[in-house]
Amino acid sequence: MAGQAGGYSLMGFTKKDAYNYIEKTKREKIVDGDGNAAIIYLEKKAVSDLMCMARYSLTDNNMLGTCFRLTVGAGLITNTLVMCNKKPLVIVTDGCDSMRAAIKAMFSEATHRLCAWHVEKNVTSNVKDEGLRQLFTRWLYSNMEIEEFEAGWDAAVEEYRLHDSFWVKETYDKRRMWANAYLKDKFCVGFCTTFRCEEINANVKKFLNLRHNVLELVQNVELMLILDVRREIKGVDTVNFAAKVRQSMIMVYTFKEYGIPGRQLMHEHAMEILSRLVLKRWRKDAKSLDNYSEGRVDE
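Residues numbered from 1 in each chain as written. Predicted model: local features only at pLDDT ≥ 70, side-chain atom pairs only at ≥ 80, totals over all residues. Heavy atoms only, no water.

Caption draft 1: Spotlight on the side chain of Thr 171. You can see Thr 171 is positioned in helix α8 (residues 166–173). Residue Thr 171 is classed as buried on the basis of its relative accessible area of 10%. In this structure, Thr 171 is in contact with Phe 136, Trp 153 and Trp 178, ignoring residues within four places of it in sequence. (Helix = DSSP H or I, 4+ residues; strand = E, 2+ residues; numbered from the N terminus. Buried < 20%, exposed > 50% of the residue type's maximum accessible area, 1.4 Å probe, protein only. Contact = heavy atoms within 4.5 Å.)

Have a look at this one:
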C-alpha cells in the first residue's frame, strides 16, 4: 500500500491505525460473543448448503460447550464425541500413557492402536543396530501370524542379548497395540498413523491464541478443509466416471476406482489400445506385404 501511495507519509494512516481498524472490525462481527458469531455463521452455511450440517450444545452456565460441524467432517469438542450412538472400534494415538488410560476407561471395547510413525521414531531412538531396526519394521508392518511374531521376538532377544533391557520389555508388553500380527484383522480404513490429525492440529494451533476468536478459528479450519478436499479432487484422475444422478438440488457423481492408477489409458479400465482400433498405416509393420491381401483397401 505504501508503494502504491508513493511512500508511508502519503498513506494517510499509520500501521497502528491499521491494526486498530482491524480489531474494531473484529469486535463488530462478534458483538454478541465470538461463540454466538460462530454458531450464526455455521447455521447460515447449513441453510445455503444442503450437504452441510451444524450442531452445538451449551454448558450449565450458558457457554458454548460443543460445536460439531459436518461438511467433509470437522469438530470442535470439549467432551466425548459419539457418532450416531456408535462408539469407535479402533483408536490410533501416540504412546501417551494418560491417553491410554482415558481410552481404556471411555472406550473399553475399542482397539487402541499406537501410531506406527511414533513407534518407528521410538525404535530409532532406542535401537542402534540396523538389523534389529529392520526386524521392528517387519513386525510393525508385515502380514505375519502371531506365532511367527512371538518366535521372531524370542530369537531377537537371544541374538541381541536384550533380556535386561527395560525398553524392550516395555515395548513387548505393548505388542498388541503396535505389532501388525495382532492388529491385521482390525479395520482401520488404511490408517496406522496420526499424521493427518497432527497436520490439522498444527494448523489449528496457529489460531488458538488470544489474538483469534472462535469465529476466526471456524473460518480458517474451513479454509484448511477446502484445500484438503481440493487435493482429494485432484485424485479423480485415477478413477473412472460411472454415473450421475440428481437428488433434489444436488447432482451426485459416482466414480469407480481405476485398476492401475498412473496408467494413461484409463477409460473403461482398458489396459492397452486394442489392435482393431489402430489403422495399419500407423503401425510399425505398415509396409509389410504380409498385412495386405489382393483387392483389400485399408481405410
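Additional details are given in the paragraphs that follow.
Caption draft 2: Seen up close, the packing of aromatic side chains. Tallying each qualifying case throughout the model produces 11 aromatic pairs. For the pair Phe 136 and Trp 178, a centre-to-centre distance of 5.8 Å together with 35° between the ring planes defines the contact as tilted. Of this pair, Phe 136 sits in helix α6 (residues 130–141) while Trp 178 sits in the loop between α8 and α9 (180–183), placing them 42 residues apart in sequence. Here Trp 178 falls in the buried class, since its relative accessible area comes to 2%. (Phe/Tyr/Trp six-rings, centres within 6.5 Å; stacked < 30°, edge-to-face > 60°.)

Caption draft 3: Geometry of unusual backbone geometry. Even without glycine at this site, Arg 161 takes up a positive phi of about 55°. Counting through the fold element by element, Arg 161 comes out in the loop between α7 (146–159) and α8. Overall, the relative accessible area of 74% leaves Arg 161 in the exposed class.

Caption draft 4: Summary view of the side chain of Arg 113. Inspection of the secondary structure puts Arg 113 in strand β5 (residues 111–114). Although buried, Arg 113 forms no salt bridge, and the nearest oppositely charged side chain, Asp 185, lies 10 Å from it. Residues within four places of Arg 113 in sequence aside, it is in contact with Val 90, Ile 91, Val 92, Thr 93, Met 177, Asn 180, Leu 183, Cys 188 and Cys 192. (Lys, Arg positive; Asp, Glu negative; His and termini not counted. Salt bridge = Lys/Arg side-chain N within 4 Å of Asp/Glu carboxyl O.)

Caption draft 5: Broad picture of the pairing of β5. Going residue by residue along β5, you find Thr 111 and Arg 113 tucked away on one face and His 112 and Leu 114 tucked away on the opposite face as well. You can see the chain leave strand β4 (residues 90–93), run along helix α4 (residues 97–106) and come back into β5, and the turn it takes is right-handed. (Right-handed = clockwise from strand over helix to strand, strands pointing away.)

Caption draft 6: How the structure looks around the nonpolar core. Counting 22 residues, the largest nonpolar core has Phe 136, Trp 139, Phe 149, Trp 153 and Trp 178 as its most contacted members. Broken down by secondary-structure element, the contributors of at least two residues to this core are α5 (116–126), α6, α7, α8 and α9. When sequence neighbours within four positions are dropped, the list of residues in contact with Trp 153 reads Phe 136, Trp 139, Val 168, Thr 171, Tyr 172 and Trp 178. Listed in part, the 6 residues of the second largest apolar core include Val 204, Phe 207, Leu 217 and Met 224. (Core = buried A, V, L, I, M, F, W, Y, C linked by side-chain atoms within 4.5 Å.)

Caption draft 7: Geometry of the packing of α6 against α7. Axis separation between α6 and α7 bottoms out at 11 Å; the angle between their running directions is 165°. Considered as vectors, α6 and α7 are oriented roughly antiparallel to each other. Both α6 and α7 take part in a crossing whose hand is left-handed. Where α6 abuts α7, its residues Leu 132, Leu 135, Phe 136, Arg 138 and Trp 139 lie against Glu 148, Phe 149, Gly 152, Trp 153 and Ala 156. (Axes fitted to C-alpha atoms, helices over the stretch in contact; angles between N-to-C directions. Parallel < 35°, antiparallel > 145°, perpendicular 65-115°, else oblique. Left-handed = near helix turned anticlockwise from the far one by under 90°.)

Caption draft 8: Region of the structure containing the confidence of the model for the chain. Averaged over all residues, the pLDDT of the chain is 78; the fraction at 70 or higher stands at 78%. Ranking the elements of the chain by mean pLDDT puts strand β3 (residues 74–76) last with 45 and α7 first with 95. Here residues 72–83 is a poorly scored stretch, pLDDT under 50, and it has 23 contacts once near neighbours within four places are set aside; other chains count. Long-range and interchain partners of residues 295–299, a stretch whose pLDDT sits below 50, account for 7 contacts in this model, where long-range means more than four residues apart. (pLDDT = per-residue confidence, 0-100.)

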